[in-house]
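This is what each chain is made of:
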2 protein chains.
Amino acid sequence: MKTNTKGWYRAHEFAQLAGVTVRTLHHYDRIGLLKPGTRTSSGYRQYTERDLARLEQIVVLKFLGLPLKEIPDLLRDESALFDALRRQRIVLSEKRRRLDRAIAAIEKAAQSLRSQHGPDWNLFTQIIKEIEMQANSDWTKEYYSEAAQAKVEARKHLWSPELQERVSKEWARLIKDVEAVIGEDPASEKAQALAARWKKLVGEFTGGDPEIQKGLNKMWSDRANWPQEPQQNFQMKPEVQTFIMKAMDCKGAAR
Amino acid sequence: MKTNTKGWYRAHEFAQLAGVTVRTLHHYDRIGLLKPGTRTSSGYRQYTERDLARLEQIVVLKFLGLPLKEIPDLLRDESALFDALRRQRIVLSEKRRRLDRAIAAIEKAAQSLRSQHGPDWNLFTQIIKEIEMQANSDWTKEYYSEAAQAKVEARKHLWSPELQERVSKEWARLIKDVEAVIGEDPASEKAQALAARWKKLVGEFTGGDPEIQKGLNKMWSDRANWPQEPQQNFQMKPEVQTFIMKAMDCKGAAR
DNA sequence: ATCCGCCCTGACGTTGCGTCAGAGTCAAGG
DNA sequence: CCTTGACTCTGACGCAACGTCAGGGCGGAT
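Because the structure is a prediction, the values reported are computed rather than measured.

**Side note on the overall build of chain A**
Working step 1: Within chain A, the regular secondary structure consists of 12 helices and 2 strands.
Working step 2: The secondary structure elements of chain A, listed N-terminal to C-terminal, are α-α-β-β-α-α-α-α-α-α-α-α-α-α.
Working step 3: Taking all contacts inside chain A whose residues are at least 6 apart in sequence as the whole, residues at least 24 apart take part in 55%.
Working step 4: Accessible area of chain A: about 14,700 Å², with a carbon and sulfur share of 51%.

**Overview of the protein's contact with DNA strand D**
Working step 1: Close contacts around DNA strand D come from 21 residues, with His12 and Arg45 of chain A together with Arg23, Tyr28 and Lys69 of chain B the closest.
Working step 2: At the protein interface, 75% of the atoms of DNA strand D within 4 Å belong to sugar or phosphate.
Working step 3: Here histidine 12 of chain A contributes a backbone N or O atom positioned 2.6 Å from a phosphate oxygen of DNA strand D.
Working step 4: For DNA strand D, a phosphate oxygen lies 2.7 Å from a polar atom in the side chain of tyrosine 28 of chain B.
Working step 5: Mapped by element, the contributors of at least two residues to the surface near DNA strand D are helix H1 (11-18) and helix H2 (22-30) of chain A together with helix H2 (22-30) of chain B.
Working step 6: Here the surface near DNA strand D is composed, by residue class, of 6 nonpolar, 7 polar and 8 charged.

**Side note on the interface of chain A and chain B**
Interface size is commonly expressed as the accessible area that is lost once the parts come together.
Working step 1: Each partner contributes residues to the interface: chain A has 35 residues there, and chain B has 35 residues.
Working step 2: A buried area of about 3,500 Å², summed over both sides, lies between chain A and chain B, and 80% of it is on carbon and sulfur atoms.
Working step 3: At the surface where chain A touches chain B, the tally comes to 4 salt bridges.
Working step 4: Where arginine 89 of chain A meets glutamate 107 of chain B, a salt bridge forms, and the shortest distance between an N and an O atom there is 3.8 Å.
Working step 5: Applying the counting criterion to the chain A and chain B interface returns 2 residue pairs in polar contact (both at pLDDT 80 or more).
Working step 6: Elements represented by at least two residues in the side of chain A that touches chain B include exactly helix H3 (49-63), helix H5 (78-115) and helix H6 (121-136) of chain A.
Working step 7: Counting residues per element, the side of chain A that touches chain B draws most heavily on H5 of chain A, at 19 residues.
Working step 8: Class assignment of the residues belonging to the side of chain A that touches chain B gives a composition of 20 nonpolar, 5 polar and 10 charged.

**Let's talk about the protein's contact with DNA strand C**
Working step 1: Around DNA strand C, the surrounding shell holds 22 residues, and the nearest of these are Arg23 and Tyr28 of chain A together with His12, His26 and Arg45 of chain B.
Working step 2: Between arginine 23 of chain A and DNA strand C, the recorded distance is 2.7 Å, taken from a side-chain N or O atom to a base oxygen.
Working step 3: Taking leucine 68 of chain A, its main chain carries an N or O atom lying 3.3 Å from a phosphate oxygen of DNA strand C.
Working step 4: Taken together, the elements giving at least two residues each to the surface near DNA strand C come down to H2 of chain A together with helix H1 (11-18), H2 and helix H11 (210-222) of chain B.
Working step 5: When residues in the surface near DNA strand C are grouped by element, the largest group, 4 residues, is from H2 of chain A.

**Overview of the environment of isoleucine 71 of chain B**
All names here are of chain B.
Working step 1: Secondary-structure assignment places isoleucine 71 in helix H4 (residues 71-76).
Working step 2: Given a relative accessible area of 0%, isoleucine 71 falls into the buried group.
Working step 3: Measuring from C-alpha to C-alpha, the distance between isoleucine 71 and glutamine 57 comes to 9.2 Å, with 14 residues separating the pair along the chain.

**Observations regarding the packing of H1 of chain B against helix H3 (residues 49-63) of chain B**
When two helices pack together, their arrangement is given by the angle between the helix axes and the distance between those axes.
Residue and element names in this part refer to chain B.
Working step 1: Orientation of H1 relative to H3, taken along the N-to-C sense of each, is 45 degrees, at an axis distance of 10 Å. By the criterion of interaxial angle, the relationship of H1 to H3 is oblique. The chirality of how H1 crosses H3 is right-handed. Taken together, the residues of H3 that come into contact with H1 (itself represented by Phe14, Leu17 and Ala18) are Asp51, Leu52, Leu55 and Val59.
Working step 2: When its residues are assigned to classes, the contact of H1 with H3 shows 6 nonpolar, no polar and 1 charged.

**Details of the side chain of glutamine 88 of chain A**
Working step 1: Looking at where glutamine 88 of chain A falls in the secondary structure, it is placed in helix H5.
Working step 2: The class for glutamine 88 of chain A is buried, based on a relative accessible area of 9%.
Working step 3: Engagement of the side chain of glutamine 88 of chain A in a polar contact is seen with the backbone oxygen of leucine 64 of chain A, the distance being 3.0 Å.
Working step 4: Those residues in contact with glutamine 88 of chain A that lie beyond four places of it in its chain are Leu64, Gly65 and Leu66 of chain A together with Ile106 of chain B.

**A word on the relation of the copies chain A and chain B**
Working step 1: Once chain A is rotated about the relating axis by 180 degrees and shifted along it by 0.1 Å, it coincides with chain B to within an RMSD of 0.5 Å. Classification of the inter-copy transformation places it as that of a two-fold axis. The position closest to the rotation axis in chain A is occupied by the C-alpha of arginine 96 of chain A, lying 3.2 Å away.
Working step 2: The fraction of interface residues of chain A whose copies in chain B are also interface residues reaches 97%, indicating that both copies meet through the same surface.

**Some points on H3 of chain A**
Residue and element names in this part refer to chain A.
Working step 1: Look at H3: 21 Å from first C-alpha to last across 15 residues, which is about the 21 Å you get at 1.5 Å a residue.
Working step 2: Along H3, the residues that are buried comprise Asp51, Leu52, Leu55, Gln57, Ile58, Val59, Val60 and Leu61.
Working step 3: With a side-chain oxygen lying 3.3 Å from the backbone nitrogen of arginine 50, the N-terminal cap of H3 falls on threonine 48.
Working step 4: A positive phi of about 90 degrees marks glycine 65, the residue just after H3.

**Examining the pattern of salt bridges**
All names here are of chain A.
Working step 1: Across all of its chains, the model carries 19 salt bridges over all chains by this definition.
Working step 2: In this structure, arginine 76 engages aspartate 73 in a salt bridge whose closest nitrogen and oxygen atoms are separated by 3.3 Å. With arginine 76 and aspartate 73 both in helix H4 (residues 71-76), this residue pair falls 3 residues apart, about one helical turn.
Working step 3: Look at arginine 76 and you get exposed, because its relative accessible area is 63%.
Working step 4: Overlapping salt bridges, with partners in common, bring together Asp29, Lys35, Arg39 and Arg45 in one network.

Cut-offs applied
- Residues numbered from 1 in each chain as written.
- Chains lettered and ligands numbered in written order.
- Predicted model: local features only at pLDDT ≥ 70, side-chain atom pairs only at ≥ 80, totals over all residues.
- Heavy atoms only, no water.
- Helix = DSSP H or I, 4+ residues; strand = E, 2+ residues; numbered from the N terminus.
- Contact = heavy atoms within 4.5 Å.
- Areas by Shrake-Rupley, 256 points an atom, 1.4 Å probe, with all protein chains shown as cover.
- Near = heavy atom within 4 Å.
- Polar contact = N/O pair within 3.5 Å; in protein donor to acceptor, adjacent residues only side chain to side chain.
- Nonpolar A, V, L, I, M, F, W, Y, C, P; charged D, E, K, R; others polar.
- Buried area = accessible area lost by both parts, 1.4 Å probe.
- Salt bridge = Lys/Arg side-chain N within 4 Å of Asp/Glu carboxyl O.
- Buried < 20%, exposed > 50% of the residue type's maximum accessible area, 1.4 Å probe, protein only.
- Axes fitted to C-alpha atoms, helices over the stretch in contact; angles between N-to-C directions.
- Parallel < 35°, antiparallel > 145°, perpendicular 65-115°, else oblique.
- Left-handed = near helix turned anticlockwise from the far one by under 90°.
- Least-squares fit on C-alpha atoms with pLDDT ≥ 70 in both.
- Expected span 1.5 Å × (residues − 1).

Here it is in structure tokens:
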């Protein structure tokens, strides 16, 4: 270990070794991500070889787009790390798809604008809006934070085909059942039973993650179709949705 | 124009029409990007059909990754818009390349980790660092803001081969000349003449853009090699750089 | 009259540092 | 010994584009 003649690094050299700035080191220190083991009597940070190893790991994970506040956990728990990497791969692919769409939009627009003599905003807007629509058909984008999106994506892959099969069938039956009693009192026992089934299914689908459920509810609150993800289409009439919402509200109020 | 029975939209409906949130409208109002023409006596925003058209344009440009604060200019000046779109395409491609690298990193790492029985941080770190290096060989990333990067990229394409040829030759000569007088007084006339030539060349290379120059200086201040962009290598000894910096400082002080 | 839904204006939170400002420290040169 | 000059430290504000309360009005329907 040629840790320099002193046996430790000062901020500037340490930062250069890892290709970051001194400010970054201060930041990491403050948020507790990387604290130098010791300080001099005058308060100078003393970084060691071990700190360098950790910093390099941090830099790598940051490069992969992982948020700083998750990194401590990931460095402590290997399985969490692998999990995060799997999720992150999916997130990154999705980001790339979005970028591709944006690039395609620019190119298409530029093309049509060159062929015209002047700029045609209508055409321009239309072209890009079309491509935007494609993006929006990816429903998670609208209702989930990036972190939650990752979770959703991760869950998708945890889903065994059988589980998918079962849930989708149950959902179809449930929707049918609801349609049958749609005129009745949302506070009736029948309706309440349906609401309970509904809640349970949502729980299975979301894996009990409150963040994912929140997004789902948000979606239902202004759209009435289910994501057409695998092959199934859980489209339901607005009344079905309204009814269930009411029934669940009753329950909440009756609590 | 079926602008609703009232002839104008309230925040919520207007927002839904354009696929944004009310908060977004407030934001755009505050920053002056999109102000409703009128307000009711009680302060309610009244959006018109024309506002909708503008908002749609804004949404499109935002989708393409353009910063909000540039959008007003772009909507006013068509040539500026085209220019921005050209630059943005380059920026987006570059972003995509970075994403690709990150994805490749994860996949490579995952692969090698699967073949091992346990996780091997060294290997892992190494793999990703390699890929990171590729990214860093793209020098602009380290010293320019995204906006400035776009400008740099744009300039690259404006560079005629002859201009490139000329500048690179001049630069080589200049470096040689500086090496010859390196022991002398940075305030001497000779040195000052060289500093002037230096400044002029930097001006030609950067197109006079202060932001690009700033990045260049930043780079010089902690590294002493020129980007090996086209084929040329403008590597110079640290002393050369130090000397020129001093000479330029003298001039600044003598002002 | 009242209720529900929508509207308003602050104002703080987020992410990862950049960028001063003001002040102390350390090693070398005069 | 004192002065530089190169580093170091700790705040604290800035940025991009809103999200998310909090606290308090408006408007139309019942």
